[in-house]
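Architecture at a glance
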Amino acid sequence: MSRKVARFSILSVIAVLVLATTTGCFFGSGEEPEPTATPDLAATIAAAVAAAVPTDTPIPPTDTPEPPTPEPTPDLQATIDASIAATRAAMPTATPVPTPTPEPAPTSTPEPTATPVPTAVPAPTAVPNPARQIPCIIVGIVRDNDGAIRNAPVDAISQDGTGRIVASARSDNDGRYQLSITEFEKVFDLYVNRTDTNVDTPRTTSGCREIRNLTDNS
């Protein structure tokens, strides 16, 4: 009940009391009433007010809500692993690309070995035919400081640097020698006892005859 309603009720009670008192005074019998105890108006009013004031209805205690049960802390690593596993499961499995088998390289056919061009063979030097050409004869006497030397070796050697002997002979008891040379148009060195005598043959020709006396310088 609100305070406005309570106040209106109190005023109504007071009005009733006042009216009752007044009525008793004006409408009483001719006899003088016996004196009665004058009611304590203030006390009556106070009692009426007290009765009229509504007692505040105590507010029922509010139920204290129980604290919410804490939710379990999620395992973050397990959640991540589960998410990765689910993602992988949803992904299509890649079909492996077959490794191409390399084709064997074609074996190169070896080029044919070039046949070497034959070296031109020089024309053989014409060898004089003794039956048709007459040898060149070189004769002379081999001496030393004491006179003629018998049995001394005499050689005609090529001047081409090869040391090739083209004719040989030995002196007789009188120191005389004779060389028969069949290579023509050449000049040869004359050696005694394998030592150069510093004497050469003339340019040889077929049938020539030349005298060359020699000194043993060995």
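Please refer to the structure higher up on the page.
Figured I'd write up the structure that's included with this text. Quantities reported herein were computed from a predicted structural model and do not represent experimental measurements. (Residues numbered from 1 in each chain as written. Predicted model: local features only at pLDDT ≥ 70, side-chain atom pairs only at ≥ 80, totals over all residues. Heavy atoms only, no water.)

1. So, the overall build of the chain
The helix and strand inventory of the chain stands at three helices and nine strands. Secondary structure of the chain in N-to-C order comes out as α-α-α-β-β-β-β-β-β-β-β-β. The buried share among the 218 residues of the chain stands at 17%. Residue pairs in contact within the chain that sit at least 24 positions apart in sequence constitute 54% of those at least 6 positions apart. Split by element, the accessible area of the chain, about 17900 Å² in all, is 59% carbon and sulfur. (Helix = DSSP H or I, 4+ residues; strand = E, 2+ residues; numbered from the N terminus. Buried < 20%, exposed > 50% of the residue type's maximum accessible area, 1.4 Å probe, protein only. Contact = heavy atoms within 4.5 Å. Areas by Shrake-Rupley, 256 points an atom, 1.4 Å probe, with all protein chains shown as cover.)

2. Focus: the sheet that holds strand 6 (residues 188-192)
The four strands are arranged 4-3-6-7 in an open sheet whose pairing can be described as antiparallel. At either margin of the open sheet sits one strand with a lone partner, and together these are strand 4 (165-170) and strand 7 (195-200). Within the sheet, the average angular offset between the axes of one strand and its neighbour, ignoring direction, is 25°. Pairing of strand 6 with strand 7, which is carried by four bridges, proceeds in the antiparallel orientation. When the bridges of strand 7 are listed, aspartate 189 appears paired with aspartate 200. (Pairing = 2+ DSSP bridges. Axes fitted to C-alpha atoms, helices over the stretch in contact; angles between N-to-C directions.)

3. Quick notes on the state of the cysteines
One pass over the full model with this rule turns up one disulfide. Between cysteine 136 and cysteine 208 runs a disulfide, and the two sulfur atoms are separated by 1.6 Å. Between cysteine 136 and cysteine 208 the disulfide shows an S-S torsion of about -100°. By sign, it is left-handed. With cysteine 136 in strand 1 (residues 136-144) and cysteine 208 in the loop between strand 7 and strand 8 (209-211), the pair connects residues that are 72 residues apart, well separated along the chain. (Disulfide = S-S within 2.5 Å.)

4. Considering a nonpolar patch on the surface
A contiguous nonpolar patch, built from Leu76, Ile80 and Ile84 and spanning about 270 Å² of accessible area, is present on the exposed surface. Relative to the helices and strands, isoleucine 80 resides in helix 3 (residues 76-90). By relative accessible area, which is 37% here, isoleucine 80 ends up partly exposed. (Patch = residues over 30% accessible without salt bridge, like charges linked within 9 Å, V, L, I, M, F, W, Y side chains within 5 Å. Salt bridge = Lys/Arg side-chain N within 4 Å of Asp/Glu carboxyl O.)

5. Things to note about the environment of isoleucine 137
Looking at the secondary structure, you find isoleucine 137 in strand 1. For the pair isoleucine 137 and threonine 201, spaced 64 residues apart in sequence, the C-alpha separation works out to 9.9 Å. Residue contacts for isoleucine 137: discarding those within four places in its chain leaves Gln178, Leu179, Ser180, Cys208, Arg209 and Glu210.

6. Digging into unusual backbone geometry
A positive phi angle is found at asparagine 193, which is not glycine, with a value near 50°. Of note, asparagine 193 is situated in the loop between strand 6 and strand 7. For asparagine 193, a relative accessible area of 30% puts it in the partly exposed group.

7. A word on the pattern of salt bridges
Note that side chains of opposite charge can pair when their charged atoms are close. Per the counting criterion, the structure on display carries six salt bridges. The closest approach of N and O atoms between arginine 194 and aspartate 155, which form a salt bridge, is 2.9 Å. Highlighted residues: arginine 194 in the loop between strand 6 and strand 7 and aspartate 155 in strand 3 (residues 153-158), separated in sequence by 39 residues. The class of arginine 194 is exposed, set by a relative accessible area of 60%. When its relative accessible area of 5% is taken as the criterion, aspartate 155 is described as buried. With a closest N to O distance of 2.8 Å, arginine 164 and glutamate 183 form a salt bridge. Taken together, the residues span a long stretch of sequence, with arginine 164 in the loop between strand 3 and strand 4 and glutamate 183 in the loop between strand 5 (176-181) and strand 6 at a distance of 19 residues. A single network of salt bridges, built from pairs that share partners, joins Arg164, Glu183 and Lys186.

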